Amino acid sequence: MSFEFDRIIDRDPKYSFKWNRYKGRDIIPCWVADMDFAAPESVRSAISEFNQQGVLGYLKPEEYDEGRQAIVDWLEYRHGCRIPEEWIVWMPGVVPGFNIACRAYSEPGDSLIVQTPNYPPILQAHKNHQLENLAVPVLQTGSGAELDFDLIEKYAARSRSKIMILCNPMNPNGKVLSLDSLQNLGDICDKHGLILVSDEIHCDLILEPGVKHSPAFSLESLQQRSVTLMSAAKTFNIAGLGVSFGVIPDAALRRRFAKAANGLAPWANVLGLLATTAAFNGGRQWHAELLDYLRRNRAILKATIDSTSGLEMHSGEATFLAWIDARGLGHADPQLWFEQKGIGPSPGADFGADGFARVNFGCSINQLQQITDRL
């Protein structure tokens, strides 16, 4: 490989959120969705060049034509969708994005539909807006995780059901919804007037050959009732720069979204805007080699998990996160079991699934070998 994915980077002196959790303890942090790889050279160069002028002033996202063009080109390159630039809405993160959507499209007392298990901030969103939480447990089928469409339709038919927050690819289990599944969901939303807010932050990290991600905005049935949230943050490891974007085809929904954000959400970070543009324009080869590296890491970790009594790794199709069923251990606290072995995953309970753990394998092969050796 031509990029330095094998390089071990000492993150300890830089106040890393990921590494500070176990500071001073012999535990390898593999929890939060933050890879231990340096961002592409195109990103680092763009930030360095900008910093050389020494002026860290305002950059209004709506006037940043180069950034919007980079998004348009990237979406066509990765997903075969050529969208109008006016569909794009910059924001300071995906989490602010789905919280703004809750504020824009619902009122206190309305209902919010979410799948479970799920990314913790999605599970908590209803509390931020005084909404009723309608949880839809993900079904385990012969082809992996799948949405319970019967239950979703039942909930969607309620008069106060206004929004569903979808996570696709799913976090924590890495499932990518098929086009048929997304179409089924789109039909339900169209039938019952439900707004779909689709968190697709991991959509450019598809690892399974032959699997294709379909963005929510690409479906005709969702053109007038969807907010698709995306970012370069996870793909290019720039999450600390505070930037994401939404794709909102319907002008009325865009206006409502902007009104709800007014006075609450700051502009997307200037360095994040530059980094996103540089990543999408100059990071394509880096991205391709990253996917190959992650595929190898996933295979190594799966082989170890599958040979460890009491553990089972779900075969996710995307992300650098392994969803591990640890219920077979018979241990009252699987998180403690892992930590006693010197491994620090994310507790399954955080995602609404006791007895599970989520392991981040976005790291050098050397570090991964240490993790598997400890297992």
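### Examining the pattern of salt bridges
- All told, the structure shown has 22 salt bridges when counted by the stated rule.
- Linking Arg-225 and Asp-190 is a salt bridge whose minimum nitrogen-to-oxygen distance equals 3.7 Å. Of this pair, Arg-225 sits in the loop between strand E8 (195-199) and strand E9 (226-230) while Asp-190 sits in helix H7 (residues 179-192); the two residues are 35 residues apart in sequence, bridging distant segments of the chain.
- Looking at Asp-190, the relative accessible area reads 46%, which means it is partly exposed.

### What to know about unusual backbone geometry
- Residue Pro-117 follows Thr-116 across a cis peptide bond; omega there is 0 degrees.
- Locating Pro-117 in the fold gives a position in the loop between strand E3 (111-116) and helix H5 (120-128).
- In this model, Asn-168 is joined to Pro-169 through a cis peptide bond whose omega is 0 degrees.
- Tracing the chain through its elements places Pro-169 in the loop between strand E7 (161-167) and H7.
- Positive phi, close to 55 degrees, is recorded for Gln-130, a residue that is not glycine.

### Some details on H5
- Of all the positions in H5, only Ile-122, Leu-123, Ala-125 and His-126 are classed as buried. Buried residues along H5 cover an arc of 140 degrees about the axis, so they all sit on one side.
- On the buried face of H5, the contacting elements are helix H4 (94-105), E3, strand E4 (132-137), E7 and E8.
- In the stretch just after H5, Gln-130 is the one whose phi turns positive, near 55 degrees.

### As for the sheet that holds E8
- The 7 strands lie next to each other as E2-E10-E9-E8-E7-E3-E4, forming an open sheet whose pairing is mixed. Strands with a single pairing partner mark the edges of an open sheet, and in this sheet they are strand E2 (88-91) and E4. Each strand axis lies, on average, 20 degrees off the axis of its neighbour in the sheet, ignoring direction.
- In this sheet, E8 lies alongside E7 in parallel orientation, the contact comprising 5 bridges. Of the residues in E8, the one forming a bridge with Ile-163 is Ile-195.
- Strands E2, E3, E7, E8, E9 and strand E10 (244-247) of the sheet are contacted by H4, whose axis makes an angle of about 165 degrees with E7.
- Its contacts with the sheet place H5 against E3, E4, E7 and E8, and it is angled at close to 165 degrees to E3.

### As for the pairing of E3
- Summarising burial for E3: 6 of the 6 residues are buried, a large majority.
- Alternating residues of E3 divide into Ser-111, Ile-113 and Gln-115 and Leu-112, Val-114 and Thr-116, and every residue in both groups is buried.
- Where E3 lies against E7, 4 bridges are found, and the strand directions are parallel. The residue of E7 that forms the bridge with Val-114 is Ile-165.

### Some remarks on the packing of aromatic side chains
- Considering all chains together, one arrives at 16 aromatic pairs under this definition.
- Ring centres of Phe-236 and Phe-280 lie 6.1 Å apart, and the angle between their planes is 70 degrees; this geometry places the pair in the edge-to-face category. Within this pair, whereas Phe-236 is found in the loop between E9 and E10, its partner Phe-280 is found in helix H9 (residues 270-282), the two being separated by 44 residues in sequence.
- What makes Phe-236 buried here is its relative accessible area of 0%.
- Phe-280 sits in the buried class, given a relative accessible area of 1%.

### A look at the nonpolar core
- With 66 residues, the main nonpolar core has Leu-294, Leu-301 and Phe-338 as its most contacted residues.
- With 8 residues, H9 is the single largest residue contributor to this core.
- Membership of the second largest hydrophobic core comes to 29 residues, among which are Ile-122, Ile-163, Ile-195 and Ala-261.

### Some remarks on the packing of helix H3 (residues 65-79) against H9
- Where H3 contacts H9, the two axes come as close as 9 Å, and the packing angle between them is 35 degrees. Crossing of H3 over H9 shows left-handed handedness. Of H9, the residues touching H3 (which contributes Glu-66, Gly-67, Ala-70, Ile-71 and Trp-74) are Thr-277, Phe-280 and Asn-281.
- Grouping the amino acids of the contact of H3 with H9 by side-chain chemistry returns 4 nonpolar, 3 polar and 1 charged.

How each quantity is defined
- Residues numbered from 1 in each chain as written.
- Predicted model: local features only at pLDDT ≥ 70, side-chain atom pairs only at ≥ 80, totals over all residues.
- Heavy atoms only, no water.
- Salt bridge = Lys/Arg side-chain N within 4 Å of Asp/Glu carboxyl O.
- Helix = DSSP H or I, 4+ residues; strand = E, 2+ residues; numbered from the N terminus.
- Buried < 20%, exposed > 50% of the residue type's maximum accessible area, 1.4 Å probe, protein only.
- Arc of directions from axis to C-beta.
- Contact = heavy atoms within 4.5 Å.
- Pairing = 2+ DSSP bridges.
- Axes fitted to C-alpha atoms, helices over the stretch in contact; angles between N-to-C directions.
- Phe/Tyr/Trp six-rings, centres within 6.5 Å; stacked < 30°, edge-to-face > 60°.
- Core = buried A, V, L, I, M, F, W, Y, C linked by side-chain atoms within 4.5 Å.
- Left-handed = near helix turned anticlockwise from the far one by under 90°.
- Nonpolar A, V, L, I, M, F, W, Y, C, P; charged D, E, K, R; others polar.

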